[in-house]
Amino acid sequence: MKSNEFNQQAVSIRLAQCAKSFANGTRALQPLDLAIHPGETLVLLGPSGCGKTTTLRMIAGLEFPDQGGRVFFGDEDVTALPIEKRGVGMVFQNYALFPNMSVGENIAYGMKIRGIPAGERIERVERLLEMVHLQGLSQRRVDQLSGGQKQRVALARALAMEPRVLLLDEPLTALDAKLREAVRSDLNKLLRSLGITAIYVTHDQGEAMALGDRIVVMERGKISQIGTPQEIYYHPANDFVADFIGAMNRVEGIVAGNRLQLPTGSLPLADNGRNEVVQGQPAWALFRPEDVQVIDITEADAHCVRGRLINTFFLGDRTRFEIEIGVERAVIAETSKRGWWEAGQQIAIRVLPEALVKMAPRTDKEAA
């Protein structure tokens, strides 16, 4: 099972006006159009109830779109086909392994049902075990495996049938933090080497950023933004995406010249050609904590904002600050500098123009 076996089968996926309503009247998914490129890993990201799992199940054939919706694999309309006829492999959060079977038997189960000869099944199982770093565990019982090993077995079983599409529904959620990071790294390498079309559902932003070629951010059954991890992070399309992806500072002030005037200093206006702010009018700026430069108050100049440190959190590789600057919300800043800070300490911050994610006029609704 070499990578080119999957590359030859990599298929595009297209959802056309796919909506989903359930019998109780719940509208889980608004009509959406989505195109997935052959061989890419697309991540569906969003909070609980946003429609990401419903979208995945619709691609799988476990749910069917409302009338008028269509699902295509390449040029083939698979809208009416059930999961067993779509050529998809699925990996679930709860592994869904057979407890009465060995590792090898779990991986080979689908091949046995399909009538693949025993010799070929054994050979393919061994190749898959090597691929997921479980060599020599074919005869081990499933209940003797760790959580990370079980998830690797589930992945190998999904790949055993050489699916056209790999679907992963929050597969790492049940793992502890350190193990999740290790399995995520292995999964990332595997997906890149296979070149198979994969759709990955998660509410974890770190997973989405690490694994996705592109990310689909969903909110209330609709797509808020589609883009690369960098596009989503640095150029959010709207307030929901900006606030959902990572930590974000939102600071309000008055536009004065090429600065945003605040009670204790000013910020530069972003020179990105997308400003809609008006001189003398209220506006807000968005910027990330890691883009805030923390400066000793004795070194503050006219381009700094002065403030008071109200909280510090030592996180090992960095320190996080909460800084009061005379506006409604405290500014969150992060630094890798070594030092000692105390609540109540006077401090200054600086944000460069290129670090401003977005600037926009404050609306009457926001002012209220």
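No experiment lies behind these values; they were computed from the predicted model shown. (Residues numbered from 1 in each chain as written. Predicted model: local features only at pLDDT ≥ 70, side-chain atom pairs only at ≥ 80, totals over all residues. Heavy atoms only, no water.)

Q: Sorry if this is basic, but what is going on with the overall build of the chain here?
A: Along its length, the chain carries 10 helices and 20 strands. Across its three principal directions, the C-alpha atoms of the chain cover 75 × 50 × 40 Å. Within the chain, the proportion of its 368 residues that are buried is 47%. Sequence separation of 24 or more characterises 67% of the internal contacts of the chain that already satisfy a separation of 6 or more. Averaging the positions of the 43 positive and the 45 negative side-chain charges in the chain gives two centres separated by 4 Å. (Helix = DSSP H or I, 4+ residues; strand = E, 2+ residues; numbered from the N terminus. Buried < 20%, exposed > 50% of the residue type's maximum accessible area, 1.4 Å probe, protein only. Contact = heavy atoms within 4.5 Å. Lys, Arg positive; Asp, Glu negative; His and termini not counted. Charge placed at Lys NZ, Arg CZ, Asp CG, Glu CD.)

Q: When you look at the layout of surface pockets in this model, what are you seeing that I'm missing?
A: With a probe scaled to a water molecule rolled over the atoms, the places where space remains empty come into view. The computed volume of the largest pocket comes to approximately 590 Å³. Along the wall of the largest pocket there are 18 residues; nearest its centre are Val-88, Gly-89, Gly-110, Arg-114 and Met-161. Elements supplying a minimum of two residues to the lining of the largest pocket: β6 (88-91), α3 (103-113) and α5 (147-160). For the lining of the largest pocket, the per-class residue count stands at 11 nonpolar, three polar and four charged. (1 Å grid on protein atoms, 1.4 Å probe; cavity = no way out; pocket = protein on both sides within 12 Å on 5 of 7 lines; lining within 4 Å. Points joined across faces, edges and corners; volume = space filled by probe spheres on them. Nonpolar A, V, L, I, M, F, W, Y, C, P; charged D, E, K, R; others polar.)

Q: How should I be thinking about the sheet that holds strand β1 (residues 13-21) in this particular structure?
A: Sheets are built from strands that pair by backbone hydrogen bonding, the pairs being arranged parallel or antiparallel. The antiparallel open sheet is built from four strands, whose spatial order is β2-β1-β4-β5. Across the chains shown, the open sheet's two edge strands, defined by having one partner strand only, are β2 (27-36) and β5 (76-77). Here strand β4 (residues 70-73) runs beside β5; their pairing, made up of two bridges, is antiparallel. Paired with Phe-72 across the strands is Asp-77, a residue of β5. Strands in contact with helix α2 (residues 52-60) are β1, β2 and β4; relative to β1, the strand with the most contacts, it is inclined by about 120°. (Pairing = 2+ DSSP bridges. Axes fitted to C-alpha atoms, helices over the stretch in contact; angles between N-to-C directions.)

Q: Got a minute to help me understand the sheet that holds strand β3 (residues 41-45) in this structure?
A: Judged by pairing direction, the sheet is mixed, and its six strands sit side by side in the order β6-β7-β8-β3-β9-β10 without closing on themselves. Either end of the sheet is taken by a strand with one partner, and the two such strands are β6 and β10 (222-227). Across the sheet, the mean angle from the axis of one strand to that of its neighbour is 20°, orientation sign disregarded. Here five bridges tie strand β7 (residues 165-169) to strand β8 (residues 197-202), and the two strands are oriented parallel to one another. The residue bridging Asp-169 from the neighbouring strand is Val-201, located in β8.

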